[in-house]
Amino acid sequence: MTTLVVCIDRDSPVADRCPVVGRAAVESTITETGVVDPEDSRINCLLEGLRVAEDLEAEGDDTVVAVVGGGGDAVGSDREIARQTESLVKQYDPDSAVVVVDSADDERLVPIIESRVRVDAVDRVVVRQARDIESTYYLLKQFLADEELRRTVLVPVGIALLALPLLLQFVAPTTALGAIAAALGVFLIYKGLGIDDYLARLPGQIREALYSGQVSLVTYVVAGGLSIVGIFAGALEISPPGSTGLFILANQFLFESVPWLTAAALAASLGRLLDELLQREGIRSAYVNLPFGAVAVGLVVRGFSAYFLERAGVFGPFRVPAMDFGVVEVNGFTMDLGTRLATFILAGILVAVLGVRVAAYVSENDIEAELVE
């Protein structure tokens, strides 16, 4: 088996003598090049070619070590290397080739060799002192070749750099930097959470839900409307800024919006549960437990927000009115802070436990068959 070990030198100082073939001729070229410029990296490339040839000969292969190179303009140099490769293939008829390069510029010519003879390996030589720089260059080259990475990183950075001098003409430097940092932060969160992928899939999911008649499509719209109402209701209850602390404002918002947001989560989860039931493919316990979990979280959050607001004096203690159920009569009483919070927490825990029990029952029994019966 004959293997051609070819060293590519696109801008060779001895281009007029290329191709250089044979161990002795290559060693002479190394000496000649090294005396002229000892720091030239092509010396390492030629030495690597000799080492590869020795290793292949030790494995029992017949090797032909050669140097192909060109000079002048890029097109003429590449055509000359192609001509030299054809000459070597015609003269020695190798079964395969091993290409040795020392730069990314030379590595671009590998397809020229590969079109004339089968290439089994490409050996890239990196000088040890320049390894970090060379590796960084290759990483940057790979990065710039990836279209998705360019759009994700270079485009936002470019827009930010263009926007900065424009903003500085109208606002203070701190405001301009803060606005750009906030925009970049939103973009990174947008990409990091995969919101762009979700939005790309959303039209197809909506179209599929419309065609398949899913109940969840309607309940999702209801949930969206309830969420908007809850946010609006919470915003109306917030006192004017500066009149109280941020913590109290947040609790006022939660106290008013949580019932609506809980109803929204309940509507969405019930719609998904109905879809699971109508598809008759079995109901997963997670969907059964989701409505109970939404109610439980809503109760706990509502209880804590009420506790903090009552402690801050936003509203007075909660009073249970007198109730008469005929057999049972309840006298009116005032519920203190701790008791009220404990009641909400206990109610949330009971609802969560009830959800776990119902989900376990559904997973152990064929609920669809029972409903049909």
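As a convention, each chain's residues are numbered from 1 in the sequence order in which they are written. Reporting of local features is limited, given that this is a predicted model, to residues whose pLDDT is at least 70; pairs of side-chain atoms are given and counted only at 80 or more, and all residues count toward the totals for whole chains, interfaces and linings. Excluded from the side-chain calculations are hydrogens and water; all other atoms, namely the structure's heavy atoms, are used.

This paragraph deals with the overall build of the protein chain. Broken down by element type, the protein chain carries 14 helices and 9 strands. Any two residues whose heavy atoms approach within 4.5 Å at even a single point are treated as in contact. Taking as baseline every contact in the protein chain between residues at least 6 positions apart, the subset at least 24 positions apart corresponds to 65%. A 1.4 Å probe and the Shrake-Rupley method give the accessible areas. Residues count as covered only by the protein chains that appear here. Entry remark: accessible area of the protein chain is about 22,800 Å², with carbon and sulfur atoms responsible for 63%. Secondary structure elements follow DSSP: runs of H or I of four or more residues count as helices, runs of E of two or more count as strands, with numbering from the N terminus.

A few words on the packing of helix 7 (residues 147-168) against helix 8 (residues 173-192). Taken N-terminus to C-terminus, the directions of helix 7 and helix 8 make an angle of 160°; their axes are 9 Å apart at the nearest point. One finds that helix 7 runs roughly antiparallel with respect to helix 8. Judged by the twist between their axes, the crossing of helix 7 over helix 8 is right-handed. For the pair formed by helix 7 and helix 8, the contact residues are Glu148, Thr152, Pro156, Ala160, Ala163, Leu164, Leu167 and Leu168 on the first element and Pro173, Ala176, Leu177, Ala179, Ile180, Leu184, Phe187 and Lys191 on the second. Polar here means any residue outside two lists: the nonpolar Ala, Val, Leu, Ile, Met, Phe, Trp, Tyr, Cys and Pro, and the charged Asp, Glu, Lys and Arg; Gly therefore counts as polar. Residue composition of the contact of helix 7 with helix 8, by class: 13 nonpolar, 1 polar and 2 charged. Helix axes use the C-alpha atoms of the stretch in contact, all axes being lines fitted to C-alpha atoms, and the angles between their N-to-C directions lie in the range 0 to 180 degrees. An angle counts as roughly parallel when it lies under 35 degrees, as roughly antiparallel when it exceeds 145, as roughly perpendicular when it falls between 65 and 115, and as oblique in every other case. Throughout, a crossing is termed right-handed when the near helix is turned clockwise from the far one, and left-handed when it is turned anticlockwise from it by less than a right angle.

Attention shifts here to the UniProt feature "transmembrane region" (unreviewed entry) in the protein chain. Taking the numbering used here, the UniProt-annotated feature "transmembrane region" (unreviewed entry) corresponds to residues 153-170, 176-194, 215-238, 258-274, 286-309 and 341-362. Across residues 176-194 one finds 89% helix and 0% strand; the C-alpha atoms that close the span lie 27 Å apart. Secondary structure over residues 341-362 splits into 100% helix and 0% strand, and the C-alpha atoms at its two ends are 32 Å apart. UniProt positions are given in the numbering used here, feature names are shortened, and annotations may be inferred rather than shown by experiment.

Ring pairs shown here join Phe, Tyr and Trp side chains whose ring centres sit within 6.5 Å, with only the six-membered ring taken for Trp; geometry is labelled stacked below 30 degrees between planes, edge-to-face above 60, and tilted in between. Under the criterion given, the structure shown has 2 aromatic pairs. Taking the centre distance of 5.1 Å and the plane angle of 75° together, the rings of phenylalanine 247 and phenylalanine 308 count as edge-to-face. Here phenylalanine 308 lies in helix 12 (residues 285-311) and phenylalanine 247 lies in helix 11 (residues 246-279), a separation of 61 residues in the sequence. Only protein chains enter the area calculation, which uses a 1.4 Å probe; residues under 20% of their type maximum are buried, those over 50% are exposed, and those in between are partly exposed. On the accessibility criterion, phenylalanine 308 (30% relative accessible area) is partly exposed. Grouped by ring-pair contacts, the aromatic residues Phe247, Tyr307 and Phe308 constitute a single cluster. Working rule: Lys NZ or Arg CZ, within 6 Å of ring centre, within 35 degrees of ring normal, means a charge sits over the ring. Here the basic side chain of arginine 302 rests over the ring of phenylalanine 255, its NZ or CZ set 3.7 Å away from the ring centre.

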